Amino acid sequence: MERKVVFPQKLLPYLLLAPQIAITLVFFFWPAGQAIWMSTLLQDPLGFSVQFVGLENFQAVLQDPAYLATMQRTFLFSFGVTALSMIPALLLAVMADRVVRGATAYKTILVIPYAIAPAVAGALWLFLFQPSIGTIAYPLRLIGIDWNPRIDGTDAMIVVLIASAWKQIGYNFLFFLAGLQSIPKSLIEAAAIDGAREIRRFWTIVFPLLSPTTFFLLVVNLTYAFFDTFGVIHAVTQGGPGKSTEVLIYKAWYDGLIAQDLGRSSAQAVILMFIVIGLTVIQFRYIERKVHY
Amino acid sequence: MAELSLSRVRKVYPGGVEAVKDIDIAIPDGALCVLVGPSGCGKSTLLRMIAGLETITEGDCRIGAGRVNDLDPSDRDIAMVFQNYALYPHMTVYDNMAYGLRNRGTPKDEIEARVQEAARILEISPFLDRKPRALSGGQRQRVAMGRAIVRKPQVFLFDEPLSNLDAKLRIQMRVEIKKLQRALGVTSVYVTHDQLEAMTLADILVVMSKGHVEQQGSPLDLYEKPASTFVASFIGAPPMNLIPVGAGENGPQAAGLTGGRGLAIPPGGATLGVRPEHLMVVAGPVPDDSLGITFPVSAVEAVGAETFVYGPIGGNGQEIIARLPGKALLAPGTPVSVAATAEHLHLFDSQTGKRLGQ
Amino acid sequence: MAAPLDTPAPKSVRRDWIPHVVIAIGIFITAFPLWVAFVASTLSNPEIAQAPMPLLPGNQAGANYGEALLQGGRSGRILTPPVWEMMLNSTVMALSIAVGKIIISILSAYAVVFFRFPFRMAFFWMIFITLMLPVEVRIVPTIQVITNLNMMNTYAGLTIPLIASATATLLFRQFFLTIPDELVEAAKIDGAGPMKFFRDVVLPLSVTNIAALFVILFLYGWNQYLWPLLIGTDARMQTIVIGMSKMIDSAGGPTDWNMVMATAILALLPPVLVVILMQRWFVKGLVETEK
């Protein structure tokens, strides 16, 4: 889409664009280019010699069982967070759609966690799950579950999963509710007259009509789980115990800054870049489709 | 106040599309010129060229003595009323009217005086503190007019200003615009696609089609002597009946037609035009120089003061409309004979559509 | 197969309370961690350690918050700066990012939408592509760039690299495209040039969009984690979110949970208040930025 009527000035637009373009070049394109370049270099640990190795870093990374395990863990984690935040959100939205009164107040409360930093959300849930003192861990212990995210990898994973999903429920709820409210009531009534019972109505009418929202949220939540949960993991588990909560972003950060393996860290960064590009493309294809409706 | 003249004005868009072709129009000081035509005929483009919102590819646009082709819109001493009013939605009515004056550095007390005066004339004084969204369509229209008036420009430009109003309000505002324009005596150019609006408002009526002027002149001239079939069918409602005729021994030759002696039909045939309101029901023979048409009635629309009668002639889809005074007692299916006198007959070239003779 | 209208339907009576119960559970899950954190921030450490921890506020609120704000917390041997200093850093960061992003993106969107000039679309795509280059994928080289520019541990380093934003530019562009052409033409006839039009018309019309973006961007800036972790390595430059996470001893050593929770509450209060007070714009912002 374009405007028909514009201003004739020739120099002014460049001046208006200058700040954004300058920042984009210096802090986005330059480092991104560096990342791609560094991903093809091998640096000895003392930093004395640098050697061009082409795609060897990628080969090494993709053949590293630890990296592959992290990748698998990341996908499990991401889909786990997505499911755990979207399903309750949908349920809540369906219920809130029926409630006429108080819906605004519900919205206000449910969306609060979205405003909270991932690391803070992680801390809140870590506290609830603290072995021996946590308000949730304590009753678990009473019924014989020896809960300890400090030692047990699965327990740790569950805590970061819950904290990450908890933060996102309100957001998903808002979009699901908006989606539900945009479905014409006459359609539901027509289905009711056609003899469909409530649950059947939901699966045959409401859910299909909601699918654009669902798909959109799927992509948004996967992106969130992939990239924005670094804070939760760094604050709560530091990727541990062992490597049991280490995800791709965490590993790229760890290998680059703590282990100082620049070549491999950059190769990981480039792989991540491809994942973001993939997710962005999917998201924009979705938007295009929405426009065509 | 000033006269406005366009000479040999053209507009060619990058890419070669010629939107306005070689137009000459001269509007005397204080006259209201209406540009009318179907959408895409170039009338709005021409108006926007006068305003300076579109560049003029070739030719001269003069306001008063000066050539304004290369001036910015704000330096041309014009004011424009837009179709959707283009009021600044976040400004009050007062500020909307004052904005242009402020940008020109008009002193505050003079702005105040001019805005109050315009508001009084347009009867919008009570709304000066409101935002446009709190106004009705008609009130917004008045504010848009007010914004033009306060500037005291040399030329008013109107771009279909009434087309967003409902029918009743449109007629009311039409009358008001005419009165206002007369009272202020400002040279004006008015664009519309509504021929009735054009007829009632214009001192000079310019009918445009496909980028060129089909005909210009006083509204009655255009009505009485349309220069082409295009003008003939565009001016007047319902439109003029246009019937292809062949050259017979004593006049036009076509199924259902009689009389018309004295019409000089070229050997290749012509298009015969007669307005629906000039057809009268006749019983018995038609005088030789009048034109008689006999057709079976297919539909009758009685609207009280007059009656529209429709029917086919010639069997090739050609339809005749007659506009009869009062109540005409005709039943669908029965034949009817109507006639028009010689001075109400028009003849056009069957190829070019141009008027023949007279 | 429809039921007769006049029979009272017991089903619908039953259904009436189901939504409320489900939503109540949802609200409980949302609010419970916040309540427990608040309670813990008002207790002494021994009170927290006695399992089960009380679920009603204690009387240590003043002491805990006072200590956190003025002295900071500790985890093992690490001592954080006073929380008020970290909150100041977070505030500077969040406000600079929000305001900076809004300014540079409204200007660039204005340029892209209201002018025609060579390489216009190239610039637009350059901005657009930054969507695909989040900090997370260029960690190491970005630090090198910041180091080269001497911006480590400065407010400039914490904020400027984050204020380029495709999302905000796209939002403004979308909105600018809806401004009617006639408004621009009316302004031209009224003698307003591009910057006057920007100030007198575009800016006032953008107010709700700016407010909506401000809420979203304030959250974004306040809740940053990886960036301040990379750039603000000096304790003086720590944000409250980073500081709070440093108070947790993830190695399993003793943690002053009342301090951590008081800091957590202080860390979540500003963004939560912004969301609640500016809810209308927040929801608009969420929806618009995802378009």
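Residues numbered from 1 in each chain as written. Chains lettered and ligands numbered in written order. Predicted model: local features only at pLDDT ≥ 70, side-chain atom pairs only at ≥ 80, totals over all residues. Heavy atoms only, no water.

Trainee: Please clarify how the sheet that holds strand 4 (residues 58-63) of chain B should be interpreted in this entry.
Mentor: Two orientations exist for strands paired in a sheet by backbone hydrogen bonds: parallel and antiparallel. Residues and elements named next belong to chain B. Strand order in the open sheet formed by four strands is 2-1-4-5, and the pairing between neighbours is antiparallel. In this open sheet, the two edge strands, each paired with only one partner strand, are strand 2 (18-27) and strand 5 (66-67). Pairing between strand 1 (residues 4-12) and strand 2: six bridges, direction antiparallel. Bridge assignment links Val9 to a residue of strand 2, and that residue is Ile23. (Pairing = 2+ DSSP bridges. Helix = DSSP H or I, 4+ residues; strand = E, 2+ residues; numbered from the N terminus.)

Trainee: Explanation requested: the packing of helix 6 (residues 118-128) of chain A against helix 14 (residues 257-277) of chain C in the structure shown.
Mentor: The description of two helices packed together rests on the angle between their axes and the distance between the axes. Viewed as axis vectors pointing N to C, helix 6 of chain A and helix 14 of chain C meet at an angle of 145 degrees, and their least axial separation amounts to 10 Å. Crossing handedness for the pair helix 6 of chain A and helix 14 of chain C: left-handed. Here helix 6 of chain A contributes A:Val120, A:Ala123, A:Leu124, A:Leu126 and A:Phe127 to the contact with helix 14 of chain C, which in turn contributes C:Trp257, C:Met261, C:Ala264, C:Ala267 and C:Leu268. For the contact of helix 6 of chain A with helix 14 of chain C, the per-class residue count stands at ten nonpolar, no polar and no charged. (Axes fitted to C-alpha atoms, helices over the stretch in contact; angles between N-to-C directions. Left-handed = near helix turned anticlockwise from the far one by under 90°. Contact = heavy atoms within 4.5 Å. Nonpolar A, V, L, I, M, F, W, Y, C, P; charged D, E, K, R; others polar.)

Trainee: What's the story with the confidence of the model for chain B in this structure? I'm lost.
Mentor: Any segment with low pLDDT has predicted coordinates that should not be analysed in fine detail. Across chain B, the average pLDDT comes to 90, with 99% of residues at 70 or higher. Complex prediction metrics read pTM 0.85 and ipTM 0.87. (pLDDT = per-residue confidence, 0-100.)

Trainee: Got a minute to help me understand the packing of helix 11 (residues 207-222) of chain C against helix 15 (residues 279-289) of chain C in this structure?
Mentor: Residue and element names in this part refer to chain C. For the pair helix 11 and helix 15, interaxial distance at closest approach is 8 Å and the crossing angle is 85 degrees. When the axes of helix 11 and helix 15 are compared, the pair comes out roughly perpendicular. Touching Thr208, Asn209, Ala211, Ala212, Leu213, Val215, Ile216 and Leu219 of helix 11 are Trp281, Phe282, Lys284, Gly285, Leu286, Glu288 and Thr289, all from helix 15. Its residues placed into classes, the contact of helix 11 with helix 15 shows nine nonpolar, four polar and two charged. (Parallel < 35°, antiparallel > 145°, perpendicular 65-115°, else oblique.)

Trainee: I keep staring at the pairing of strand 20 (residues 335-340) of chain B and nothing clicks. Help me out?
Mentor: The side chains of a regular strand alternate between both faces of the sheet. Residues and elements named next belong to chain B. Bridge analysis of strand 15 (residues 280-281) against strand 20 gives two bridges, and the strand direction is antiparallel. Of the residues in strand 20, the one forming a bridge with Met280 is Ala339. Pairing between strand 16 (residues 291-296) and strand 20: six bridges, direction antiparallel. Pairing of Pro296 across the sheet is with Pro335, part of strand 20.

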